[in-house]
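Residues per chain, in single letters:
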Amino acid sequence: MKRQRNLPVSGFTLAGLALGLGLALNTVNLGAQTENPTPSTSVEDRQKAQDERIQKLQDKLDELQQELIRLKAASVADLSTRHITTAKASAPPPTSISSTPAPQEPPATNPPNSKSEPFAFADFTWLNGNARTKDTPYATKFFTPEIRTDVNYTYDFRHPQDDTISGSSEIFRSSEVQVTQLGVGGDFHFDNVRARLMTQFGLYSQTTPRNDASPARGQWNLADAYRYVSEAYGGYHFNVQHGVNVDAGIFMSYVGLFSYYQFDNWAYQPSYVSSNTPWFFNGVRVQWFPTEKLKIEPWFVNGWQSYGRFNNRPGIGGQILYRPNGNWSILGNQYAVGRDALGVGGRTRYHTDDSVEYKYYDQPARLISKSAATLTGDLGCETGGGVSCFGNGKSGPKQSFLGFMLYNRIWFDRDRYALTLGGGRINNPGRYLVLLPPINGATAASGTPYFTENPGDPYKAWDVSVTTDYMPSQYFTYRLEYNHRVANVPYFSGPGGVTPPGGNTGAPGSFVPGWAPDLRNSENRITGAFLVKF
């Protein structure tokens, strides 16, 4: 049945009601004036008749008043219906005595999240390899920006004449202020689509590609194509359990616990286990979070910290990260199958890297506000192509890697100051993971006759470091560090340096008649750094 729509009260309706009321009053008055009582009518009868007329007039006034109220209410309700058109109206429609209150829409609320974000149950900014920033300025729903700067000055007690430091993947020049890394980028995220880009300018853009031999195979100069990029990947997030991310591109490996970015670390120069193992992988990864405390991450990658393949087979690997509570972090990285010796197609590499971090003291209000320790152990080998994993024999000399590193950090005065003591040791016969000194412009692809990497070549080294930090802001660190490093063979730059007198001569790494680099078995240096992350 069609509902009849109430019309609003107009000026004509109200005027009509007033006119009708006036006529009724006039009629009563005229009747009273024209009445001619007869002598036989008593005073009581006249009074009774007048009372009845007054009562009728009162009844009429009451009826008109109720009709007026009803019409006003209908008019307001109709206007409310026509003007409130969305559920986001700031106020409910007005009500009247003749209408029931309109039902109000309940306020919008976010649906309950039954699956919490992984590792969000505690504060893990104390971890070595994790940035200690707790928020990002100017983050939006679509983009979270990131800016990093790393500027250092290193004093080498041997004073190499060419200011070149050997055997480090973090420090490259002495007695100079140098920009190690300037990175600008961030994370893009919309719906379930995700991407990350971090650029790298400064010395990292030259030294990181230099340590990758894979661009020597094939065309298109991969070292130049990627040198200004430290991270670049895109992917998709699946709402499965506590999340599944599938990403492809260049991503950080964190093999060796330390981060590629010095701001995130407890020390500026990490020990050999970290410095000699991959910082990045180029490939595909899947990050699966079955619980908020566990990550399982398989990899399919081109090779061992390489832009391309070294031979005819890529590598596979993975990471398992478990954090049972806010005081522990247990990490395991595994790598296998890859054939990562340039020009030696039958040699296969295996590696395991495992770390544990433990925060054993946390009293923010005291002078010593926090203390934590880390222990990392690595074991690896190569087999085939003239070398063996299991000792010298008919398959060739032993080609293996064994190392560990241990660090302890103490924070003071509400985490504004910190002191870190640490060091480590490695044994790497065959030198397949030892960083090649940049003698006469040598690269990982060129090699050099002055420091060979032949099967069976011995290499043992150890180091210690003392690091002090002043952190006036979550975004800034002043760092001062002392390093003492030792090897069983000449390896570190001496006073004569590693550059021929007339500069690099001939092809990179080539032999220069009548000249030899000045290599020493130890080095001592002090580094001061300004580290920024927004």
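Structure shown above.
Now for a description of the structure that goes with this document.

The rules behind each value
Residues numbered from 1 in each chain as written. Predicted model: local features only at pLDDT ≥ 70, side-chain atom pairs only at ≥ 80, totals over all residues. Heavy atoms only, no water. Helix = DSSP H or I, 4+ residues; strand = E, 2+ residues; numbered from the N terminus. Contact = heavy atoms within 4.5 Å. Areas by Shrake-Rupley, 256 points an atom, 1.4 Å probe, with all protein chains shown as cover. Core = buried A, V, L, I, M, F, W, Y, C linked by side-chain atoms within 4.5 Å. Buried < 20%, exposed > 50% of the residue type's maximum accessible area, 1.4 Å probe, protein only. Salt bridge = Lys/Arg side-chain N within 4 Å of Asp/Glu carboxyl O. Phe/Tyr/Trp six-rings, centres within 6.5 Å; stacked < 30°, edge-to-face > 60°. Disulfide = S-S within 2.5 Å. Patch = residues over 30% accessible without salt bridge, like charges linked within 9 Å, V, L, I, M, F, W, Y side chains within 5 Å. Pairing = 2+ DSSP bridges.

1. Regarding the overall build of the chain
Link 1 in the chain: Counting its secondary structure elements, the chain contains five helices and 18 strands.
Link 2 in the chain: Of the contacts formed within the chain by residues at least 6 apart in sequence, a portion of 67% connects residues at least 24 apart.
Link 3 in the chain: Roughly 27,300 Å² of accessible area belongs to the chain as shown, and the carbon and sulfur atoms make up 60% of that amount.

2. A few points about the environment of Y268
Link 1 in the chain: Tracing the sequence through the fold places Y268 in the loop between β5 (244-252) and α5 (272-275).
Link 2 in the chain: Excluding residues that lie within four positions of it along the chain, Y268 makes contacts with D150, N152, E170, I171, T180, Q262, R479, E481, T527, A529 and L531.

3. Looking at the nonpolar core
Link 1 in the chain: In this structure, F451, Y459 and Y491 are the most contacted members of the largest nonpolar core, which totals 59 residues.
Link 2 in the chain: For this core, the elements supplying multiple residues, two or more each, are β5, α5, β6 (280-291), β7 (294-301), β9 (328-336), β12 (400-412), β13 (417-427) and β14 (460-473).
Link 3 in the chain: In terms of residues, this core owes the most to one element, β12, which gives four residues.
Link 4 in the chain: Contact partners of Y491, with chain neighbours within four places excluded, come to S166, G167, V434, L435, P437, F451, Y459, L519 and R520.
Link 5 in the chain: Listed in part, the six residues of the second largest apolar core include I165, F263, Y268 and A529.

4. Points about the pattern of salt bridges
Link 1 in the chain: All told, the structure shown has 20 salt bridges when counted by the stated rule.
Link 2 in the chain: Put simply, K134 and D123 hold a salt bridge, and the shortest N to O gap is 2.5 Å. One end of the pair, K134, is in the loop between α2 (43-83) and β1 (143-156); the other, D123, is in the loop between α2 and β1, with eleven residues separating them in the sequence.
Link 3 in the chain: A relative accessible area of 38% places D123 in the partly exposed class.
Link 4 in the chain: A salt bridge links R173 to E176; the shortest N-O distance between them is 2.9 Å.

5. Focus on the packing of aromatic side chains
Link 1 in the chain: On inspection of all chains with the given rule, the structure shows 33 aromatic pairs.
Link 2 in the chain: Considering the side-chain rings of Y450 and F511, the 5.7 Å spacing of their centres and the 20° angle between planes classify their relative orientation as stacked. Taken as a pair, Y450 in the loop between β13 and β14 and F511 in the loop between β16 (492-493) and β17 (519-520) lie far apart in primary sequence, 61 residues in all.
Link 3 in the chain: You can call F511 exposed: its relative accessible area is 53%.

6. Considerations on the state of the cysteines
Link 1 in the chain: Taken as a whole and assessed by the stated rule, the structure comprises one disulfide.
Link 2 in the chain: One disulfide bridge connects C381 with C389, the sulfur atoms lying 1.9 Å from each other. Looking along the S-S bond of the C381-C389 disulfide, the torsion reads about 75°, which is the right-handed sense.

7. Thoughts on a nonpolar patch on the surface
Link 1 in the chain: Residues Y153, Y155, F157, V177, L421, V466, L480, Y482 and I526 make up a contiguous nonpolar surface patch of roughly 790 Å² in combined accessible area.
Link 2 in the chain: Looking at the nonpolar patch, the elements that each hand over two or more residues are β1 and β15 (476-487).
Link 3 in the chain: Tracing the sequence through the fold places Y155 in strand β1.
Link 4 in the chain: Residue Y155 is classed as partly exposed on the basis of its relative accessible area, which comes to 32%.

8. Side note on unusual backbone geometry
Link 1 in the chain: Even without being glycine, S175 reaches a positive phi, approximately 60°.
Link 2 in the chain: Notably, D413 is not glycine yet its phi reads approximately 50°, a positive angle.
Link 3 in the chain: For D413, the position within the fold is in the loop between β12 and β13.
Link 4 in the chain: What makes D413 partly exposed here is its relative accessible area of 27%.

9. So, the environment of Y417
Link 1 in the chain: With respect to the helices, strands and loops of the structure, Y417 is situated in strand β13.
Link 2 in the chain: Judged by its relative accessible area of 36%, Y417 is partly exposed.
Link 3 in the chain: Here the alpha-carbon distance between Y417 and Y470, two residues 53 residues apart in the chain, equals 4.7 Å.

10. Some points on the pairing of β12
Link 1 in the chain: Where strand β11 (residues 368-383) lies against β12, 13 bridges are found, and the strand directions are antiparallel. Its bridge partner being in β12, A373 is matched across the sheet by N408.
Link 2 in the chain: Judged from the eleven bridges that link them, β12 and β13 form a sheet pairing that is antiparallel. Bridging from a neighbouring strand, G403 pairs with I426 of β13.
Link 3 in the chain: Hairpin connection, β12 to β13: the antiparallel pair is bridged by four residues, and D413 has positive phi, about 50°.

11. Overview of the side chain of S400
Link 1 in the chain: Turning to its location among the elements, S400 is positioned in strand β12.
Link 2 in the chain: Leaving out residues up to four positions away in the same chain, S400 has contacts with G380, C381, N427, N428, P429 and Y432.

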